[in-house]
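Chains, contacts and geometry: an overview
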Amino acid sequence: MATPYSGNVTPLAQPAPDTAAIPVIRKIQLSDLREALRLGWEDFKAVPSHAAILCVIYPILGLVLARTVLGYSVLPLLFPLAAGFALLGPFAALGLYELSRRRERGEEASAWDAVDVLRSPSFGAMLGLGTLLLALFVTWVATAQAIYVAAFGYEAAAGIPDFARRVLTTPQGWWLIIAGCGVGFLFAVVALCVSVVSFPLMLDRQAGAGEAMVTSLRAVAQNPLPMAVWGLIVAVLLVAGSLPAFLGLTIVIPLLGHATWHLYRKVIAPDPNPRPIPPRPQRERRSAADFPAALFPWRRKGKDGA
């Protein structure tokens, strides 16, 4: 069932304004967060296979990450890497926003439609903000490593039992937990403030990265309590999804991605002068016999024209 949000879609014949309106921030309540999660769950149920395909890379990367960490004796970085990887979630969920947007308009949604985000006029801005989040992630991992070295030095743990004993039963370990969680909280707050509605805004209104980040900061400033609760919900769900060998993220990530789109719709008022939606090009249907030649369409055209 599609979720209508009137005022955000305009016929192609209507001319677009020369200047885009400044996004209007609406006050939301905690009940709106629950509604966004409910609508996100409806989207996930409507296209579960597509969402799982998009997000299966998360548990795979998580398992590879765990094996790499254990193999190279950098066990202390396992938790910072797994937790910090969520900083990239808003960018990685771009395809999920597109699926929710299509369902909102009452259109069919498929895995190919998620890839349409790559053709968005604002994809360059999305990529720029995604690079910023990647830099934030790298900085967090480096900071977490520095905190561990400050607590225990460069001596590596002999294994998981030794590492657990160090962290849970020593004063240095307790300091590590407090300092690491405190610093990690600051990184999470920065990521939330600059990206909570940024990527949906860029996808929906073709906004620039600067405008999107400013709008996201305004949204957090005008809704401090709901946004704080939203950040807590995201953190709790990500931890719950990571516990069973990261496999739960195949559900948690698409749920949060779809829910973020609906949260954006609740926080940002409809555009009074929406831009026209360009017609989508018809995709040529290919058979399985075309593989792998279909991966190289320019060579196919060259042969056809020969």
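Residues numbered from 1 in each chain as written. Predicted model: local features only at pLDDT ≥ 70, side-chain atom pairs only at ≥ 80, totals over all residues. Heavy atoms only, no water.

**Points about helix α13 (residues 224–242)**
Every α-helix winds through 3.6 residues per turn, so residues three or four apart in the chain are directed the same way. The end-to-end C-alpha separation of α13 is 27 Å, in line with the 27 Å expected for 19 residues at 1.5 Å each. For α13, the elements touching its buried residues are α1 (30–46), α10 (171–195), α12 (209–222) and α14 (249–267). (Helix = DSSP H or I, 4+ residues; strand = E, 2+ residues; numbered from the N terminus. Expected span 1.5 Å × (residues − 1). Contact = heavy atoms within 4.5 Å.)

**A short note on the nonpolar core**
Ranked by internal contacts, the top residues of the largest apolar core, which has 49 residues, are Phe199, Met202, Leu263 and Val267. Going through the elements one at a time, α1, α6 (94–104), α8 (123–152), α10, α11 (198–205), α12, α13 and α14 are the ones with two or more residues in this core. Among the elements that make up this core, the one with the highest residue count is α8 (nine residues). Counting residues in each nonpolar core, the second largest holds ten residues, with Leu75, Tyr148, Phe152 and Val167 among its members. (Core = buried A, V, L, I, M, F, W, Y, C linked by side-chain atoms within 4.5 Å. Buried < 20%, exposed > 50% of the residue type's maximum accessible area, 1.4 Å probe, protein only.)

**Some details on the packing of aromatic side chains**
If you walk through the whole model with that rule in mind, you get six aromatic pairs. Measuring from ring centre to ring centre gives 5.3 Å for tryptophan 41 and phenylalanine 44, while their planes differ by 35°; the resulting arrangement is tilted. Of this pair, tryptophan 41 and phenylalanine 44 both sit in helix α1, three residues apart, roughly one helical turn. (Phe/Tyr/Trp six-rings, centres within 6.5 Å; stacked < 30°, edge-to-face > 60°.)

**Examining the environment of leucine 176**
When you line up the elements, leucine 176 lands in helix α10. Overall, leucine 176 belongs to the buried group, its relative accessible area being 13%. Measuring from C-alpha to C-alpha, the distance between leucine 176 and valine 149 comes to 9.7 Å, with 27 residues separating the pair along the chain. Beyond its immediate chain neighbours, meaning those up to four positions away, leucine 176 contacts Ile147, Tyr148, Ala151, Phe152, Val167 and Cys181.

**Some words on unusual backbone geometry**
The phi angle at glutamine 206 is positive, at roughly 55°, despite the residue not being glycine. Checked against the element boundaries, glutamine 206 lands in the loop between α11 and α12. A residue is classified by how much of its surface remains accessible, and glutamine 206, at 28% relative accessible area, is partly exposed.

**A word on the packing of α11 against α12**
Where α11 contacts α12, the two axes come as close as 8 Å, and the packing angle between them is 130°. By the angle class used here, α11 and α12 are oblique. In the packing of α11 onto α12, the handedness of the crossing is right-handed. Every residue of α12 that contacts α11 at Ser198, Leu201 and Met202 is listed here: Ala209, Glu211, Ala212, Met213, Thr215 and Ser216. Of the residues belonging to the contact of α11 with α12, the class tally is five nonpolar, three polar and one charged. (Axes fitted to C-alpha atoms, helices over the stretch in contact; angles between N-to-C directions. Parallel < 35°, antiparallel > 145°, perpendicular 65-115°, else oblique. Left-handed = near helix turned anticlockwise from the far one by under 90°. Nonpolar A, V, L, I, M, F, W, Y, C, P; charged D, E, K, R; others polar.)

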